[in-house]
Amino acid sequence: ELKQRQNDLKDILARFRAGERLEPPFVREFRALLTRENIPHNLLTDIVEVIDSGWQKALEGVLGPYAHVVLLSDKRDRKCAWELGEKARYRHYVVAERGELPALVAGSLLEVVKFREPPPLHLVERLNHIRRVETVADGHLLSNDVSWVTREGYYRERLGGRYIGVDAEKFLFGEAARKNLLAEAERELAGAAKRIDELNSQNSAVSKRIDEIQVLLSGVDAARQMESRGAEFAQADRNYPGLMQQRQEAS
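Residues numbered from 1 in each chain as written. Predicted model: local features only at pLDDT ≥ 70, side-chain atom pairs only at ≥ 80, totals over all residues. Heavy atoms only, no water.

## Re the side chain of His68
By secondary structure assignment, the location of His68 is in the loop between helix 4 (56-63) and strand 3 (70-72). Among residues more than four places away in sequence, those in contact with His68 are Pro24, Phe26, Val27, Leu43, Tyr90, His92 and Tyr93. (Helix = DSSP H or I, 4+ residues; strand = E, 2+ residues; numbered from the N terminus. Contact = heavy atoms within 4.5 Å.)

## Examining the pattern of salt bridges
Throughout the structure, instances matching the rule amount to 10 salt bridges. When the shortest N-O distance is used, the salt bridge between Arg76 and Asp74 registers 2.7 Å. Look at Arg76 and you get exposed, because its relative accessible area is 71%. The exposure class assigned to Asp74 is partly exposed, which follows from its relative accessible area of 23%. The salt bridge partner of Glu111 is Arg132, with a shortest N-O separation of 2.5 Å. Of this pair, Glu111 sits in the loop between strand 4 (94-95) and strand 5 (113-115) while Arg132 sits in strand 6 (residues 130-133); the two residues are 21 residues apart in sequence, bridging distant segments of the chain. Overall, the relative accessible area of 31% leaves Glu111 in the partly exposed class. (Salt bridge = Lys/Arg side-chain N within 4 Å of Asp/Glu carboxyl O. Buried < 20%, exposed > 50% of the residue type's maximum accessible area, 1.4 Å probe, protein only.)

## Overview of the environment of Val146
Its place among the elements puts Val146 in the loop between helix 7 (136-140) and strand 7 (147-150). Under the relative-accessibility criterion, Val146 is labelled buried at 16%. Spatially, the C-alpha atoms of Val146 and Arg131 are 7.3 Å apart, while their sequence positions differ by 15 residues. The residues contacting Val146, other than those within four sequence positions of it, are Arg131 and Arg156.

## A closer look at the sheet that holds strand 3
A sheet is described by the order of its strands in space; here three strands give the open sequence 1-3-4, paired in mixed fashion. One side of each edge strand has no neighbouring strand; the edge strands of this open sheet are strand 1 (41-43) and strand 4. The pairing of strand 1 with strand 3 spans three bridges and is antiparallel. Bridging across to strand 3, Asn42 finds its partner in Leu71. Together, strand 1, strand 3 and strand 4 form the strand contacts of helix 2 (residues 25-36), whose direction differs from that of strand 1 by roughly 165 degrees. (Pairing = 2+ DSSP bridges. Axes fitted to C-alpha atoms, helices over the stretch in contact; angles between N-to-C directions.)

## Quick notes on the sheet that holds strand 9 (residues 160-163)
Read from one edge to the other, the open sheet built from four strands follows the order 6-7-8-9, with strand pairing classed as mixed. The outermost strands of the open sheet, each flanked by one partner alone, are strand 6 and strand 9. Each adjacent strand pair in this sheet contributes to an overall mean axis angle of 20 degrees, direction not counted. Bridge analysis of strand 7 against strand 8 (residues 154-157) gives two bridges, and the strand direction is antiparallel. Of the residues in strand 8, the one forming a bridge with Val149 is Tyr155.

## Focus: the pairing of strand 9
Of the pairings in the sheet, the one linking strand 8 to strand 9 comprises four bridges and is antiparallel in character. Looking at strand 9, one finds that Glu157 is bridged to Gly160. The turn linking strand 8 back onto strand 9 is made up of two residues.

## Some remarks on helix 2
Counted at 1.5 Å a residue, the expected span for helix 2 with its 12 residues is 16 Å, and the 16 Å between its end C-alpha atoms agrees. Buried residues of helix 2: Val27, Phe30, Arg31, Leu33 and Leu34, and no others. Along the axis of helix 2, the buried residues cluster in a sector spanning 150 degrees; they form a single face. Exposed positions of helix 2 whose direction lies more than 90 degrees from the buried face are Glu29, Thr35 and Arg36. Against strand 1, helix 3 (44-47), strand 3, helix 5 (78-88) and strand 4 lie the buried residues of helix 2. Following helix 2 by one or two positions, Asn38 has its phi on the positive side, about 55 degrees. (Expected span 1.5 Å × (residues − 1). Arc of directions from axis to C-beta.)

Following this line, the structure appears as structure tokens:
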């Protein structure tokens, strides 16, 4: 199992270094369905880059639930894509409507994001209306109709406040996520190689012990055979003097 996982990790790392993104199986399967139907698309994670790493923890918290949103390149494909989404029971949004960025609100979370392609408008609007604040105390000074988030990821909206921050090893967006996933795969590969070496060492010791036991068992079997044929040996012993005398007489 470890050797199979080791081979899988080597394949993953090769693909990852070649620019591919790692996705959960259910995402890969749905994207394969879309590709077979010639429906060009991307994931939200494919088009988002964080331009201020100091706010990535907060941004990941806001956008994380939308990481597996599928963005259609041509909205004429939406009917077919939605039918495939129903067939595959794909639980994330398949979005056809995208547009250009609106005017940025100063101090908004949208200011720290760069999109490689036109993004979903509802997400852009949400980011544009979330104010960045350094501390909860700073956010508390704003009016009640303003949503805000701290660098650490404490988020306040009309429903109340809650912590949504994401630790660095769980980042999903941008170059930081790619580096984290690469480092994680390399760590797991190193751990698998170390464990394989340990098991090989144990296997060598066990194999040596098996050989020793087999030698002992061979001796036990010989003794048992001797014991089971005792009557034959006794009869041969009785016959031996007479046979030797016959040999001498024949000579």
